[in-house]
Amino acid sequence: MNPTEKQQQKNDSIIKYWETKRGNRVKYAILQSLYFAIPFSIVFQAIESLQGFLTLNFAFKFLTIFSVYFLLTYYVSYNIYEKKYQKLKKQD
(Lines give C-alpha, C1' and ligand atoms only; values in the text may rest on other atoms or scores of the structure.)
Protein backbone atom coordinates (compact mmCIF):
# COMPACT_ATOMS: atom_id res chain seq x y z
CA MET A 1 0.00 0.00 0.00
CA ASN A 2 1.54 3.28 -1.06
CA PRO A 3 1.30 6.51 0.98
CA THR A 4 -1.49 8.07 -1.13
CA GLU A 5 -3.70 4.99 -0.72
CA LYS A 6 -3.02 4.97 3.00
CA GLN A 7 -3.92 8.68 3.27
CA GLN A 8 -7.09 8.14 1.23
CA GLN A 9 -8.08 5.25 3.50
CA LYS A 10 -7.50 7.46 6.56
CA ASN A 11 -9.59 10.25 5.00
CA ASP A 12 -12.39 7.81 4.20
CA SER A 13 -12.43 6.56 7.78
CA ILE A 14 -12.61 10.14 9.12
CA ILE A 15 -15.51 10.91 6.76
CA LYS A 16 -17.33 7.72 7.75
CA TYR A 17 -16.80 8.43 11.48
CA TRP A 18 -17.93 12.04 11.30
CA GLU A 19 -20.99 11.46 9.09
CA THR A 20 -22.57 9.45 11.89
CA LYS A 21 -21.67 12.00 14.58
CA ARG A 22 -22.47 15.29 12.87
CA GLY A 23 -26.24 14.87 12.75
CA ASN A 24 -26.89 16.02 16.32
CA ARG A 25 -24.39 18.43 17.81
CA VAL A 26 -25.87 18.43 21.32
CA LYS A 27 -25.99 14.62 21.53
CA TYR A 28 -22.38 14.42 20.34
CA ALA A 29 -21.24 16.95 22.95
CA ILE A 30 -23.18 15.29 25.79
CA LEU A 31 -21.86 11.81 25.02
CA GLN A 32 -18.27 13.00 24.66
CA SER A 33 -18.57 14.92 27.92
CA LEU A 34 -19.96 11.91 29.75
CA TYR A 35 -17.17 9.68 28.41
CA PHE A 36 -14.67 12.18 29.78
CA ALA A 37 -16.34 13.36 33.00
CA ILE A 38 -17.27 10.02 34.56
CA PRO A 39 -13.76 8.50 34.70
CA PHE A 40 -12.06 11.76 35.67
CA SER A 41 -14.59 12.47 38.41
CA ILE A 42 -14.02 9.00 39.82
CA VAL A 43 -10.24 9.40 39.70
CA PHE A 44 -10.29 12.82 41.32
CA GLN A 45 -12.63 11.60 44.05
CA ALA A 46 -10.53 8.49 44.66
CA ILE A 47 -7.43 10.63 45.05
CA GLU A 48 -9.19 12.79 47.63
CA SER A 49 -11.20 10.18 49.54
CA LEU A 50 -12.56 6.74 48.75
CA GLN A 51 -15.63 7.21 50.96
CA GLY A 52 -17.03 10.34 49.27
CA PHE A 53 -18.58 8.97 46.08
CA LEU A 54 -22.18 9.67 47.09
CA THR A 55 -21.61 13.17 48.41
CA LEU A 56 -22.38 16.61 47.09
CA ASN A 57 -18.66 17.17 46.65
CA PHE A 58 -18.47 14.35 44.09
CA ALA A 59 -21.56 15.65 42.28
CA PHE A 60 -20.01 19.11 42.12
CA LYS A 61 -16.77 17.70 40.68
CA PHE A 62 -18.71 15.73 38.10
CA LEU A 63 -20.86 18.70 37.07
CA THR A 64 -17.86 21.00 36.84
CA ILE A 65 -15.84 18.60 34.69
CA PHE A 66 -18.88 17.76 32.57
CA SER A 67 -19.77 21.42 31.99
CA VAL A 68 -16.27 22.50 31.03
CA TYR A 69 -15.75 19.57 28.68
CA PHE A 70 -19.24 20.00 27.21
CA LEU A 71 -18.48 23.60 26.29
CA LEU A 72 -15.12 22.65 24.80
CA THR A 73 -16.66 19.83 22.79
CA TYR A 74 -19.67 21.84 21.65
CA TYR A 75 -17.78 24.92 20.51
CA VAL A 76 -14.25 23.74 19.68
CA SER A 77 -14.05 20.02 18.94
CA TYR A 78 -17.23 19.90 16.88
CA ASN A 79 -16.09 22.82 14.73
CA ILE A 80 -12.67 21.28 14.15
CA TYR A 81 -14.16 17.98 13.02
CA GLU A 82 -16.74 19.74 10.86
CA LYS A 83 -14.13 21.88 9.09
CA LYS A 84 -11.94 18.84 8.47
CA TYR A 85 -14.96 16.92 7.17
CA GLN A 86 -15.95 19.73 4.81
CA LYS A 87 -12.37 20.01 3.54
CA LEU A 88 -12.16 16.26 2.87
CA LYS A 89 -15.57 16.22 1.16
CA LYS A 90 -14.44 19.02 -1.19
CA GLN A 91 -11.33 17.03 -2.12
CA ASP A 92 -13.39 13.99 -3.17
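See above for the structure.
Keep in mind it's a predicted model, so treat the numbers as computed, not measured.

Q: Could you clarify how one ought to interpret the nonpolar core in this entry?
A: Taken as a class, soluble globular proteins show a tendency for nonpolar side chains to be buried jointly. Within the largest apolar cluster, 7 residues are counted, these being Ile14, Ile15, Trp18, Tyr28, Tyr78, Tyr85 and Leu88. Listed by contribution, the elements that provide at least two residues to this core are α1 (3-21) and α3 (56-91). Filtering out sequence-adjacent residues up to four positions away, Ile15 remains in contact with Tyr85, Leu88, Lys89 and Asp92.

Q: What am I meant to see in the packing of aromatic side chains here?
A: Under the criterion given, the structure shown has 12 aromatic pairs. Between Phe66 and Phe70 the ring centres are 6.1 Å apart and the planes differ by 20°, which places this aromatic pair in the stacked class. In this pair, Phe66 and Phe70 are both assigned in helix α3, 4 residues apart and thus about one turn of the helix distant. Classification of Phe66 as buried rests on a relative accessible area of 17%. An aromatic cluster is built from Tyr17, Trp18, Tyr28, Tyr78 and Tyr81, whose rings are joined through pairwise contacts. Arg25 extends its terminal NZ or CZ atom over the ring of Tyr74, reaching a point 4.4 Å from the ring centre.

About the thresholds
Residues numbered from 1 in each chain as written. Predicted model: local features only at pLDDT ≥ 70, side-chain atom pairs only at ≥ 80, totals over all residues. Heavy atoms only, no water. Core = buried A, V, L, I, M, F, W, Y, C linked by side-chain atoms within 4.5 Å. Buried < 20%, exposed > 50% of the residue type's maximum accessible area, 1.4 Å probe, protein only. Helix = DSSP H or I, 4+ residues; strand = E, 2+ residues; numbered from the N terminus. Contact = heavy atoms within 4.5 Å. Phe/Tyr/Trp six-rings, centres within 6.5 Å; stacked < 30°, edge-to-face > 60°. Lys NZ or Arg CZ within 6 Å of the ring centre and 35° of its normal.

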